[in-house]
Amino acid sequence: MVKKAARSKRKTSRRKSQPRSHKGLLWKTGLIGLVLLSIYVIYLDMRIKQSFEGQRWALPARVFARPLELHTGLPLRREELLQELKLLRYRKDAHPNNPGTYTAVRDGVVLVSRGFRFSDGEEHQRKLRILFSNGEISGLRDENGQPIHALVRLEPVLIANIYPAHQEDRSLVQLDEVPPLLIRTLMAVEDKDYYHHLGVRPTAIIRAMLANLRAGRAVQGGSTLTQQLVKNYFLTSSRSLWRKFNEAIMALLLEMHYDKDEILQAYLNEIYLGQSGAQAIHGFGLASQFYFQRHLNELEPEQLALLVAMVKGPSYYNPRRHPERARDRRNLVLDVMAQDELITPQQAQNYQSRQLGVSQKAPPTKSPFPAFVDLVREQLKRDYDEADLRSEGLMVFTTLDPLIQLRTEQGVRQELSRIEKSRTKDRGKLESAAVVVRVGNGEVMALVGGRDPRFPGFNRALNARRPIGSLIKPLVFLEALKLEQQYTWASLLDDGPLSITLDDGSEWAPTNYDRQSHGPVLMEDALIHSYNQATARLGLEIGVPRVTQSLAQLGGRSDVRAYPSVLLGAVDMTPLEVARVYQSLATEGYRMPLRAIRSVMDAEGRSLQQYDLDVHQAEDPRYVFMVTAAMHEVTRQGTAKGLVQRLPGGLKVAGKTGTTNDLRDSWFAGYSGDYLGVVWVGRDDNASSGLTGATGALPVWAHIFNGLHQESIELDPPQGVKWSWIDRSNGLRGDKSCDEALRIPFIAGTVPQGTSACTQSLDGAVKRSWNWLKDLFDTE
């Protein structure tokens, strides 16, 4: 009995200890779970703080054209201003009062500008009346009709974005820049209690959980704005209970560290609102431009309602693809706005009757000027890493003049089409490249890399090295003029047949384009008419290395071997490289780098870099002036004389044609007092284009320059140079009475001493004596 009682007691004891062991196991398991949960929450907290502090987004670099600077006296036609406003996406409005609106009036344009932050200060929005007269701005008036004497800058045209690697795009807005109606509408529709909860709404979560449990999957959300931000910024859009759990925890943590306004501002910039090709559209700021091509503060109430409506499903409610769905959803939002007394019921009905107002096509994500942007990126890479360009939100202000760029594109397109109309075959095979530079500072105003300027492919202006032909000849004559005791423009050169034996035993026998020899010719005429034989003989006399050194000194290639064929342009260069050389000629021998960038700002508006002028004298201005004077005659009586009929009357320019063997390449490089232009026309397969410089590139150049506001080249000689009359037939001193009188520039003291027989009349003797006395006492 005792043993039996003992066994019974042990059984009872074991039964009592089993609940204790189960409770201990549960307690330990719970404790471990709590520790793991705490660790996981700490991990999520660290993740939030690491990602949300500092730079929150990888921002694309924005690339802008030059701002249009308005002032009285600016050469600008009314239609040019209207073209600029179109590029800036200003809207016509009979009574412009909102930013980005304008109307054309009888004597000018009335507009309301948008504000813009430049590196040197803020340009505030203002209402302007711009008056025009005789092709220039005759006056600026403010909204009260008072004269404006200061310079007024319009915001620059956005020409490109350099996107982050993950292809997200956004235009950041500050909370105080967002229309209050948008914020109130967003909260009325998405989160009425935003300023009162701690990041989650328990009742909404419980309701959503019950619905999800019944369905066996996530079918309903109870997300606050904070949770939506967490989902967009930290998580994926997958519908799962685990994702909802993470979302709730992270929302609570986010609200622990940051105030409501900061979270709201982040939401406004992060929320996904559509897709444009490979680029994801994030934030209301960019969505406003993507759907309406307006800034956020320019939108009407019904347009704000549409943006809020799309938060629920940007693809499903895409107004371009599904306008009926988008309209229904927008109208529902407008009803909510009326219920919450954000607008009146009558206003809601009025807004609901309006069209969606979305632009028919999305704005292009690719640059409209890809060739110019190639040059910008090439120059940016010297100072910035590719990662910085794609993520730091840099603002790059370039030199591009959109009006000149469009004029250049038009010249290439229309002139090539005109040339090919007369052809029966190979139409569409011609290609072209063009560069336009401001003479005074080396700023690239326009650049076209091909016949189709929108195609972002092979950039011929930067990368197509082709033989330059006779474009090199001015450098041959420049070097000869520097030997002033041996050569002047009045020197007689032999344009007879020429043949020399090269080092490899081959013969080099250049001929003139017309296959004729012209005997003794003036040195200036040899350049004016582009005589190959006379030029080659002159170059051999002075030495080919002098010419190759001059090419490098003026900004061209420095690796050119001194072969005789170089004298006639057997040098491969790109149009941009040619522009560097001719820029030095256009600036009287001052060399400066061609630049496409003026300045760079960071995302906060701080100036990072100014690309200032870097000028040094590469050549004696006296000799460069004499070359310019001769190239002016090229455009009057030489190979480019066709310009006389193509340019405005009285405009004096200097230039040179270039044609290569078998008519493969057609070139023209020339400049006025304000602009330099280089044009190439040819074929990518290197077949004959059938064009000379005068029949191919020159018409394109003339088309471009015929529409520019510019002054003539300066033909007043610098100190040490003087104009004198000579007899073209023999190169001796002459006067106006000679049948072949020619006025050309000379270095002081190098005017020919011999006198032509055409001056032997009494009048001629008097003039000759007077000229002799002037030379005797002339110190210039």
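The structure presented is a predicted model; accordingly, all values stated were derived computationally and were not measured. (Residues numbered from 1 in each chain as written. Predicted model: local features only at pLDDT ≥ 70, side-chain atom pairs only at ≥ 80, totals over all residues. Heavy atoms only, no water.)

Time to look at the overall build of the protein. Per the secondary structure count, the protein includes 24 helices and 32 strands. Taken across its 780 residues, the protein has 53% of its residues classed as buried. Total accessible area computed for the protein in this model is approximately 36,700 Å², and 50% of it derives from carbon and sulfur atoms. (Helix = DSSP H or I, 4+ residues; strand = E, 2+ residues; numbered from the N terminus. Buried < 20%, exposed > 50% of the residue type's maximum accessible area, 1.4 Å probe, protein only. Areas by Shrake-Rupley, 256 points an atom, 1.4 Å probe, with all protein chains shown as cover.)

Quick look at unusual backbone geometry now. A positive phi is found at Glu341, a non-glycine position, where the angle reads about 60°. In this structure Glu341 comes out as exposed when scored by relative accessible area, which is 71%. The backbone of Arg515 shows a phi angle near 65°, a positive value even though the residue is not glycine. With a relative accessible area of 66%, Arg515 lands in the exposed category.

Looking now at the state of the cysteines. One pass over the full model with this rule turns up one disulfide. Shown here is the disulfide that connects Cys738 with Cys758, its sulfur atoms set 1.7 Å apart. Between Cys738 and Cys758 the disulfide shows an S-S torsion of about 65°. By sign, it is right-handed. Highlighted residues: Cys738 in the loop between β31 (721-727) and β32 (741-747) and Cys758 in the loop between β32 and α24 (762-777), separated in sequence by 20 residues. Judged by relative accessible area, Cys738 falls into the buried class, the value being 5%. (Disulfide = S-S within 2.5 Å.)

The biggest cluster of nonpolar side chains holds 115 residues, and the ones touching the most others in it are Leu70, Ile159, Leu380, Leu447, Trp489 and Tyr582. Not counting chain neighbours up to four residues away, the residues in contact with Trp489 comprise Phe477, Leu481, Leu522, Met523, Glu524, Leu527, Met626, Val627, Ala630, Ile744 and Pro745. Leu186, Ala248, Leu307 and Tyr351 belong to the second-largest nonpolar core, a separate cluster that totals 54 residues. (Core = buried A, V, L, I, M, F, W, Y, C linked by side-chain atoms within 4.5 Å. Contact = heavy atoms within 4.5 Å.)

Looking now at empty space enclosed by the protein. Left-over empty space is what a probe sized like a water molecule reveals as it rolls over the atoms. Enumeration according to the criterion identifies two cavities of 30 Å³ or more in this entry. In this structure, the largest cavity spans a volume of roughly 40 Å³. Forming the walls of the largest cavity are Ile468, Leu471, Ile472, Leu475, Leu551, Met573, Val578, Val581 and Tyr582. Ranked by residues supplied to the lining of the largest cavity, first place goes to helix α20 (residues 575-586) with three residues. Of the residues in the lining of the largest cavity, the class split is nine nonpolar, no polar and no charged. Two domains each provide a minimum of three residues to the lining of the largest cavity, namely domain 4 (365-460 + 574-687 + 705-714) and domain 5 (469-570). Of the pockets and cavities examined, the second largest cavity occupies roughly 30 Å³. If you go around the second largest cavity, the residues you meet are Leu481, Glu484, Tyr487, Thr488, Tyr623, Met626, Ile747 and Thr750. Tallied by class, the residues present in the lining of the second largest cavity amount to five nonpolar, two polar and one charged. (1 Å grid on protein atoms, 1.4 Å probe; cavity = no way out; pocket = protein on both sides within 12 Å on 5 of 7 lines; lining within 4 Å. Points joined across faces, edges and corners; volume = space filled by probe spheres on them. Nonpolar A, V, L, I, M, F, W, Y, C, P; charged D, E, K, R; others polar. Domains from an automatic or database assignment.)

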